[in-house]
Amino acid sequence: GIRDLEQRIVDFALGKVDLMVSTTIMENGIDIPNVNTIIVQDTQLFGLSQLHQLRGRVGRANLQAYALLMHPRLSELGDDAMRRLRVLQRESGFGAGFNLAKSDLHIRGAGNLFGIQQKGSFGAKEMGVDMYMMTLQRAMRFLEQKQREGGDEVDEAELLQAAQLDESL
């Protein structure tokens, strides 16, 4: 159970065990400073932020780290998987997180700008990250103004007009 899992992690952290096999739970912040290598299998199935988090679980300033990202032959990878791997290879230094997030918007798109859909056919991928951010800022200014005026109800057509988008989107 939970106690067994906890004991295994403690044993690994104390160096009583040399190897730990894990699920992606590692990306959620288990921090063991003396770990210097992580092997991630089937990286083509992960998003950029997941791979960045997993890669960040190993290494410190005084410890050389290795992140081995395993995937099928390059000829078997899709375009998006190839783009993600190239971005990870390129962005590895300080501040890489921001550049990864920006690249992620370019690769998968941001989804519906004003709706609940988080990934889809409309967003940064189609309109560009800069235009997407400007449109989002216009919409936020409109909503903030409405709030200052005491208006609780926001008409979708008004919001689209304020963001300078066509209603057909």
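Quick summary incoming for the structure in this document.

What counts as what
- Residues numbered from 1 in each chain as written.
- Predicted model: local features only at pLDDT ≥ 70, side-chain atom pairs only at ≥ 80, totals over all residues.
- Heavy atoms only, no water.
- Helix = DSSP H or I, 4+ residues; strand = E, 2+ residues; numbered from the N terminus.
- Buried < 20%, exposed > 50% of the residue type's maximum accessible area, 1.4 Å probe, protein only.
- Contact = heavy atoms within 4.5 Å.
- Areas by Shrake-Rupley, 256 points an atom, 1.4 Å probe, with all protein chains shown as cover.
- Core = buried A, V, L, I, M, F, W, Y, C linked by side-chain atoms within 4.5 Å.
- Lys, Arg positive; Asp, Glu negative; His and termini not counted.
- Salt bridge = Lys/Arg side-chain N within 4 Å of Asp/Glu carboxyl O.
- Polar contact = N/O pair within 3.5 Å; in protein donor to acceptor, adjacent residues only side chain to side chain.
- Axes fitted to C-alpha atoms, helices over the stretch in contact; angles between N-to-C directions.
- Left-handed = near helix turned anticlockwise from the far one by under 90°.
- 1 Å grid on protein atoms, 1.4 Å probe; cavity = no way out; pocket = protein on both sides within 12 Å on 5 of 7 lines; lining within 4 Å.
- Points joined across faces, edges and corners; volume = space filled by probe spheres on them.
- Nonpolar A, V, L, I, M, F, W, Y, C, P; charged D, E, K, R; others polar.

This brings us to the overall build of the protein. Across its full length, the protein carries 7 helices and 2 strands. What you see in the protein, going N to C, is helices and strands ordered as α-β-α-β-α-α-α-α-α. Buried positions account for 28% of the 169 residues belonging to the protein. Long-range pairs, those at least 24 residues apart, make up 48% of the contacts in the protein with a sequence separation of at least 6. Here the protein has roughly 11,800 Å² of accessible surface; of this, 51% comes from carbon and sulfur atoms.

With 15 residues, the main nonpolar core has Val40, Leu48 and Leu100 as its most contacted residues. Going through the elements one at a time, strand E1 (37-40), helix H2 (48-55), helix H3 (79-90) and helix H4 (96-108) are the ones with two or more residues in this core. If we ignore the near neighbours within four places in the chain, the residues touching Leu48 are Arg84, Val87, Leu88, Leu100, Ser103, Asp104 and Ile107.

Turning to the side chain of Arg84, a few remarks are in order. Mapped onto the fold, Arg84 is located in helix H3. Although Arg84 lies buried, it forms no salt bridge, and the closest oppositely charged side chain, Asp80, sits 5.0 Å away as judged by the N-O distance. A polar side-chain atom of Arg84 sits 3.0 Å from the main-chain carbonyl oxygen of Phe46. When near neighbours in sequence (up to four residues on either side) are disregarded, Arg84 contacts Gln44, Phe46, Gly47, Leu48 and Ile107.

As a packed pair, H2 and H3 sit with axes 10 Å apart at the nearest point and diverge in direction by 35°. Pair H2 / H3 crosses with right-handed handedness. From H2, Leu48, Leu51, His52 and Arg55 reach across to H3, where they touch Arg84, Val87 and Leu88.

On to the layout of surface pockets, then. Here the largest pocket is characterised by a volume of approximately 610 Å³. What lines the largest pocket is a set of 26 residues, and nearest its centre among them are Leu19, Met20, Thr37, Ile38 and Ile39. Here the lining of the largest pocket takes 4 residues from E1, the largest share from any one element. Partitioning the lining of the largest pocket into residue classes produces 15 nonpolar, 8 polar and 3 charged. Space inside the second largest pocket adds up to approximately 300 Å³. Lining the second largest pocket are 14 residues; nearest its centre among them are Arg55, Gly56, Val58, Ala65 and Ser92. Those elements that provide at least two residues to the lining of the second largest pocket are H2, strand E2 (66-69) and H4.

Note that every value here comes from positions in space, so none of it alone points to a role or purpose.
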